[in-house]
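# Structure at a glance
Residue-level listing of the chains:
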Amino acid sequence: MMMNCEKASTLASAAFDRKLSLAERIGVWAHWLMCAPCRAYRKQLLTIRRHMGRLGDEASTAAPMDDSAKARIRRRLREFESPSSND
Ligand SMILES: [Zn+2]
């Protein structure tokens, strides 16, 4: 039922570029309620976007994340998903 972290993070960044459907918004919000790492990830995205915003809207839409940044985030997400504790 609950979407996984990868899907939630994809939607979190997609939300900056397009309007999410109602189902997507509900799904991603439900995930954020349950998943602190993804909330932190979203906060990071917002911070990055704020920084980019200073460069102007054109720059932020024209400059996609570079591959090394994507790889870094994917690595972080895998760390989040590997169960280091069971509570
Ligand atoms: Zn998550």
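This structure is a prediction, so every number in the text was calculated from the model and none was measured. (Residues numbered from 1 in each chain as written. Predicted model: local features only at pLDDT ≥ 70, side-chain atom pairs only at ≥ 80, totals over all residues.)

### Topic: the packing of helix α1 (residues 5–14) against helix α2 (residues 22–34)
In plain terms, the rule: Note on geometry: axes are lines fitted to C-alpha atoms, helical ones only across the stretch in contact, with angles between N-to-C directions running from 0 to 180 degrees. Numbering of helices and strands runs from the N terminus; a helix is a DSSP stretch of H or I covering at least four residues, while a strand is a stretch of E covering at least two. Each angle receives one of four descriptions, namely roughly parallel if under 35 degrees, roughly antiparallel if over 145, roughly perpendicular if within 65 to 115, and oblique otherwise. Working rule for handedness: look at the near helix, and if it is turned counterclockwise from the far one by less than a right angle, call the crossing left-handed; if clockwise, right-handed. Contact definition: two residues whose C-beta atoms, as placed from backbone geometry, lie within 7 Å. For this classification, the nonpolar set comprises Ala, Val, Leu, Ile, Met, Phe, Trp, Tyr, Cys and Pro, the charged set comprises Asp, Glu, Lys and Arg, and every other residue, Gly included, is treated as polar.
As a packed pair, α1 and α2 sit with axes 10 Å apart at the nearest point and diverge in direction by 120°. Relative to α2, the element α1 is oriented oblique. By crossing handedness, the relation of α1 to α2 is classed as left-handed. When α1 is examined against α2, the residues A8, L11 and A12 are found in contact with a partner set consisting of E24, V28 and H31. Class assignment of the residues belonging to the contact of α1 with α2 gives a composition of 4 nonpolar, 1 polar and 1 charged.

### Points about the confidence of the model for the protein
Note the following rule: Across the chain, each position has a pLDDT score giving the predictor's confidence in that residue, from 0 to 100.
This prediction gives the protein a mean pLDDT of 82; 79% of its residues lie at or above 70. Element-level pLDDT for the protein is lowest in helix α4 (residues 57–62), with a mean of 52, against a maximum mean of 95 in α2.

### A word on the environment of R42
To keep things clear, this is the line we draw: Neighbour counting defines burial: a residue surrounded by 20 or more other C-beta atoms within 10 Å of its own C-beta is buried, one with 12 or fewer is exposed, and intermediate counts give partly exposed, using backbone-placed C-beta atoms.
Checked against the element boundaries, R42 lands in helix α3 (residues 36–55). Residue classification places R42 among the buried positions, given that 20 C-beta atoms sit within 10 Å. Sequence-wise, R42 and L11 are 31 residues apart; in three dimensions their C-alpha atoms are separated by 9.8 Å.

### Thoughts on helix α5 (residues 67–81)
What counts here: One fewer than the residue count of a helix, multiplied by 1.5 Å, yields its expected span.
Here α5 spans 21 Å end to end across 15 residues, near enough to the 21 Å set by a 1.5 Å rise per residue. Counting buried positions over the 15 residues of α5 gives 0, only a small fraction of the element.

### Focus: the packing of α1 against α5
Following both chains from N to C, one finds α1 and α5 inclined at 140°, their axes separated by 10 Å at the closest point. With respect to each other, α1 and α5 are oriented oblique. Helix-helix and strand crossings are classified by hand; for α1 and α5 the assignment is right-handed. Contact residues: α1 offers C5, E6 and S9, while α5 offers L77, F80 and E81. Residue classes in the contact of α1 with α5 are distributed as 3 nonpolar, 1 polar and 2 charged.

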